[in-house]
Amino acid sequence: FILEREPGTFTFEGTAGRGELRGSYTFVGSGPFVAALRRRGFGRPSDADAARLAVGNVEITLIDELNASGYAQPTMRELVRMGLHGVDIAFVRRFSAAGIRVADATVLTNYLDHGVTPEYVADMRRAGYGDVTPAELVRLKDNGVDPPFVAQLAAVGYNGVSVEDAIRARDHGVDATFAQDFRRAGFFNLTLAELIRLRDHGINAYFASQLRERKGAMPSAEDLVQARQRDQGL
């Protein structure tokens, strides 16, 4: 059978039977496609790159959309990677429609690979992460930091949390419920970093309340950690 795509045509031959497929293919690049690439400032692709562009179904309209949207022109290698990772014109247009621009089109490949959607970018901007880099957005997404998590922390007094602190809080299981439990127990001045440390040492609000009653004073985060270590014989 034949698979025709804008960068060229694959011709497949083979047999199938008894649960096995065997065959081979040939690829012939498209002269008009190569000419269109060259008119847009690209060099002639190698046979391997042309085949990869066809596998990724990269079309001239994608390149024109990137240019129209203000992206820096990708290299041939970057264009191949975009196609193989599934970046298409619809994905580019979703970001454009949301008013989201990044200078480097390869960022779109990373966004797609890590599930960073235009909606996620826009929501995180509204949540206070409008100045973070694309790489930081990817890290936030990879670590499960989303707008609801940020909003819940803000509701219990932790506003303007840095990228690193937000990731650490998420990774260490410090959420709004954990923070609110300490606030209900009267611990209003704990920093997010202190909450993370308490969580790492297995200290909850009940333990903190018990120590406060024994001491007759408000213990610090360090007091709580030392008390836990004494209890554990450390």
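One can find the structure itself at the top, above this paragraph.
Residues numbered from 1 in each chain as written. Predicted model: local features only at pLDDT ≥ 70, side-chain atom pairs only at ≥ 80, totals over all residues. Heavy atoms only, no water.

Enquirer: Just checking my understanding: could you explain the overall build of the protein for this structure?
Expert: The helix and strand tally for the protein stands at 14 helices and 3 strands. Computed over the C-alpha atoms, the radius of gyration of the protein is 27 Å, more than 25% above the 17 Å expected from 2.2 N^0.38 for a compact globule of 234 residues. With the C-alpha coordinates aligned to their principal axes, the bounding extent of the protein is approximately 85 × 50 × 25 Å. Sorting the 234 residues of the protein into buried and exposed places 39% on the buried side. For the protein, the proportion of contacts with a sequence separation of at least 24, taken over those separated by at least 6, is 54%. About 13,000 Å² of surface is accessible on the protein, with carbon and sulfur atoms providing 48% of the total. For the protein, the separation between the mean place of its 28 positive charges and that of its 30 negative charges on side chains is 2 Å. (Helix = DSSP H or I, 4+ residues; strand = E, 2+ residues; numbered from the N terminus. Rg over C-alpha atoms; globule rule 2.2 N^0.38 Å. Buried < 20%, exposed > 50% of the residue type's maximum accessible area, 1.4 Å probe, protein only. Contact = heavy atoms within 4.5 Å. Areas by Shrake-Rupley, 256 points an atom, 1.4 Å probe, with all protein chains shown as cover. Lys, Arg positive; Asp, Glu negative; His and termini not counted. Charge placed at Lys NZ, Arg CZ, Asp CG, Glu CD.)

Enquirer: Help me out: how do you make sense of the nonpolar core in this one?
Expert: Nonpolar side chains tend to gather and get buried jointly when the protein is soluble and globular. Tyr 111, Leu 140 and Phe 182 are the most contacted members of the largest nonpolar core, which has 66 residues in total. In contact with Tyr 111, not counting residues within four places along its chain, are Phe 91, Phe 95, Val 102, Val 116, Val 121, Pro 134, Leu 137 and Val 138. (Core = buried A, V, L, I, M, F, W, Y, C linked by side-chain atoms within 4.5 Å.)

Enquirer: Got a minute to help me understand helix H9 (residues 147-155) in this structure?
Expert: Residue pairs spaced three or four apart in an α-helix point in one direction, given the helix's 3.6 residues per turn. Of the positions making up H9, those classed as buried are Pro 147, Phe 149, Val 150 and Leu 153. Looking down the long axis of H9, one finds its buried residues gathered within 165 degrees of arc, a one-sided arrangement. In the core, the buried residues of H9 are packed alongside helix H7 (118-126), helix H10 (163-171) and helix H11 (176-184). Put simply, Asp 146 is the residue that caps the front of H9, since its side-chain oxygen is 3.0 Å from the backbone nitrogen of Phe 149. Phi turns positive, to about 100 degrees, at Gly 157, one or two residues after H9. (Arc of directions from axis to C-beta. Polar contact = N/O pair within 3.5 Å; in protein donor to acceptor, adjacent residues only side chain to side chain.)

Enquirer: Honestly, the environment of Tyr 158 in this entry has me stumped. Any pointers?
Expert: Mapped onto the secondary structure, Tyr 158 falls in the loop between H9 and H10. Along the backbone, Tyr 158 and Ile 203 are 45 residues apart, and their C-alpha atoms lie at a distance of 19 Å. In this structure the side chain of Tyr 158 is engaged in a polar contact, spanning 2.6 Å, whose partner is the backbone oxygen of Leu 190.

Enquirer: Explain the pattern of salt bridges here, please?
Expert: Where charged atoms from two side chains of opposite charge approach closely, those side chains can pair. Counting across every chain of the model gives 10 salt bridges. Residues Glu 20 and Arg 22 are paired through a salt bridge, measuring 3.5 Å at the closest nitrogen-oxygen approach. Across the pair Arg 184 and Asp 181 runs a salt bridge, and its minimum N-O distance is 3.5 Å. Of the two residues, Arg 184 and Asp 181 both sit in helix H11, 3 residues apart, roughly one turn of that helix. Residue class for Arg 184 comes out exposed when judged on its relative accessible area of 64%. What makes Asp 181 partly exposed here is its relative accessible area of 33%. (Salt bridge = Lys/Arg side-chain N within 4 Å of Asp/Glu carboxyl O.)

Enquirer: It is not clear to me how the packing of helix H12 (residues 192-200) against helix H14 (residues 221-231) should be interpreted in this structure. Could you clarify?
Expert: A pair of packed helices can be characterised by two numbers: the angle between their axes and the separation between those axes. Here H12 crosses H14 at 5 degrees, and the two axes come no closer than 10 Å. As the angle between them shows, H12 and H14 are arranged roughly parallel. Residue-level inspection shows Glu 194, Arg 197 and Leu 198 of H12 in contact with H14, the latter providing Ala 221, Glu 222, Leu 224 and Val 225. A per-class count over the contact of H12 with H14 returns 4 nonpolar, no polar and 3 charged. (Axes fitted to C-alpha atoms, helices over the stretch in contact; angles between N-to-C directions. Parallel < 35°, antiparallel > 145°, perpendicular 65-115°, else oblique. Nonpolar A, V, L, I, M, F, W, Y, C, P; charged D, E, K, R; others polar.)

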